[in-house]
Amino acid sequence: MAALRAAGAGAGKAMRPLSPSRSFATGGALRMASPAAAAAPFRPDEPAGPVVKTPIPGPVATRLIEELGESFETRSVNMMADYSKSVGNYIADPDGNLLLDVYAQIASIPVGYNNAALAEAARTPEMVDALINRPALGNFPSHTWASLLRTGILRVAPRGLDNVYTAMAGSDANEIAYKAAFMYRRQRERGGPEADFSAEELESAMRNEAPGSPPLSILSFRQGFHGRLFGTLSTTRSKPIHKLDIPAFDWPQATFPQTRYPLDEHAAANAAAEQASLDEVEHLIRTRASAPPAASGPTTTGTCRTRPTW
Ligand SMILES: Cc1ncc(COP(=O)(O)O)c(C=O)c1O
C-alpha cells in the first residue's frame, strides 16, 4: 500500500500503473533486523518478496472497481485487495499481485493477514456466541463478560486504568472520552457523584440548552486527526476535505509543537516550540469564556489524553 502511495496513488487521483516487471526490494526493512530475523519470514507461507504480475490496478481489479462503483464510493480506492489470498505482511490483489504492506490498514492489522491463531479463535464457540448473540452490554451483559475483560483487555491496560468502556472504533472511543470529561467536570461543579441533577438541567437538556447541555469545549491541536463523527470531527484539524459541509462545534484549537529531529540537535528550538504551544493552550483555557475547554483533545498520535481538570 505504501508502495502504491509512493508511486503517486493519492486518494481520489488516478493510479499510476506499476511496471509489471519491477521488483520491490525489502532491503531497507531487513537491514534493521538481525541477520537471523531477516532470514526468517514472519509467516512460513509468506513469499520471499513481492510479486508484481500486472499493472495495478490490473484488468480484474479494474473491472471489480467499476462494478463496486455502481453502489459504493470508489474515488478514495488506493488498491482493490483480495484478502483471501493475502498472507502475513503481504497484501494480495485480484490480479495475483502480492505487495509488502507497510500501511497495514492504518496500522490496525499488526499481526498480519490470515493470522492462523486468530482464524482458530474465530472458529471457537465463544467467538460464534459473541458474533451471533451480540448483547446490549450495558443492559444484558453476558455471564462471561467480567472474565473476558479480566483475561483480555485488562491484562494489557495501563496501570491504574481498571475500568472498561467498550467502543466500536477510534472516533467512537474518542467521543466517549470527550463525554466522560464533560460529565466529570459538571459532576464536580454539581457537588460530586451523589448530587442529583436539577429540574432546570433535566428540562434544558431536552432543548439542547444550558445548563443541561453546557457550553463546554474540547481543545484540539492543528493538524491532528481524531475521527469523523460529529464530536471528533470538530476536533479534527488535518484536512478541509474531512470537515467540509459538516456543521461543527465552536471549539478552540492550538498549535502543536513542530519538533525537529534529531531531538538533541534542536533541543533549544524544540523547547521553545513546546513552551509556545503550552502558552497558547493556557491562554485559550483562561480566556475562552463562551465554551471553556473541559478537556484537551487527543494528541496527534491518537492517544486520547483527557484532562478533566479544567
Ligand atoms: C489518530 C486517529 N484518531 C482517530 C481515528 C478514528 O478512528 P476510526 O476511523 O476507527 O473511527 C483515526 C483513524 O484513522 C486516527 O488515526
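Since the structure is predicted, the reported quantities are computational estimates derived from the model, not experimental observations.

S.K.: Break down the overall build of the protein for me, citing the residues and quoting the values.
M.R.: If you tally the helices and strands in the protein, you get 13 helices and five strands. The buried share of the protein, reckoned over its 310 residues, is 29%. Carbon and sulfur atoms provide 59% of the accessible area of the protein, an area that totals close to 20,500 Å².

S.K.: Tell me about the nonpolar core, and name the residues and values.
M.R.: Counting eight residues, the largest nonpolar core is built from Tyr178, Ala181, Phe182, Leu216, Ile218, Trp251, Ala294 and Ala295. Those elements that provide at least two residues to this core are helix H9 (170–190) and strand E5 (293–296). Here this core gets three residues from one element, more than from any other, and that element is H9.

S.K.: Give a detailed account of the pattern of salt bridges, specifying residues and quantitative values.
M.R.: Tallying each qualifying case throughout the model produces twelve salt bridges. Across the salt bridge formed by aspartate 45 and arginine 43, the nearest N and O atoms sit 3.0 Å from each other. Put simply, glutamate 73 and arginine 75 hold a salt bridge, and the shortest N to O gap is 2.8 Å. Salt bridges here are not isolated pairs; linked through shared partners, they connect Arg185, Arg186, Glu189, Arg190 and Glu201.

S.K.: Give a detailed account of a nonpolar patch on the surface, specifying residues and quantitative values.
M.R.: A cluster of nonpolar side chains, contributed by Met127, Val128, Leu131 and Ile132, occupies part of the molecular surface with about 380 Å² of accessible area. As for its placement among the helices and strands, leucine 131 is situated in helix H7 (residues 125–132).

S.K.: Can you tell me about the pairing of strand E3 (residues 217–221), naming the residues and giving the values?
M.R.: Summarising burial for E3: five of the five residues are buried, a large majority. Covered by surrounding structure in E3 are Ser217, Leu219 and Phe221 together with Ile218 and Ser220, the residues of both alternating faces. As defined by bridge partners, E3 adjoins strand E4 (residues 253–254) across two bridges and the pair is classed as parallel. Directly across from phenylalanine 221, in E4, lies its bridge partner alanine 254.

What counts, and at which threshold
- Residues numbered from 1 in each chain as written.
- Predicted model: local features only at pLDDT ≥ 70, side-chain atom pairs only at ≥ 80, totals over all residues.
- Heavy atoms only, no water.
- Helix = DSSP H or I, 4+ residues; strand = E, 2+ residues; numbered from the N terminus.
- Buried < 20%, exposed > 50% of the residue type's maximum accessible area, 1.4 Å probe, protein only.
- Areas by Shrake-Rupley, 256 points an atom, 1.4 Å probe, with all protein chains shown as cover.
- Core = buried A, V, L, I, M, F, W, Y, C linked by side-chain atoms within 4.5 Å.
- Salt bridge = Lys/Arg side-chain N within 4 Å of Asp/Glu carboxyl O.
- Patch = residues over 30% accessible without salt bridge, like charges linked within 9 Å, V, L, I, M, F, W, Y side chains within 5 Å.
- Pairing = 2+ DSSP bridges.

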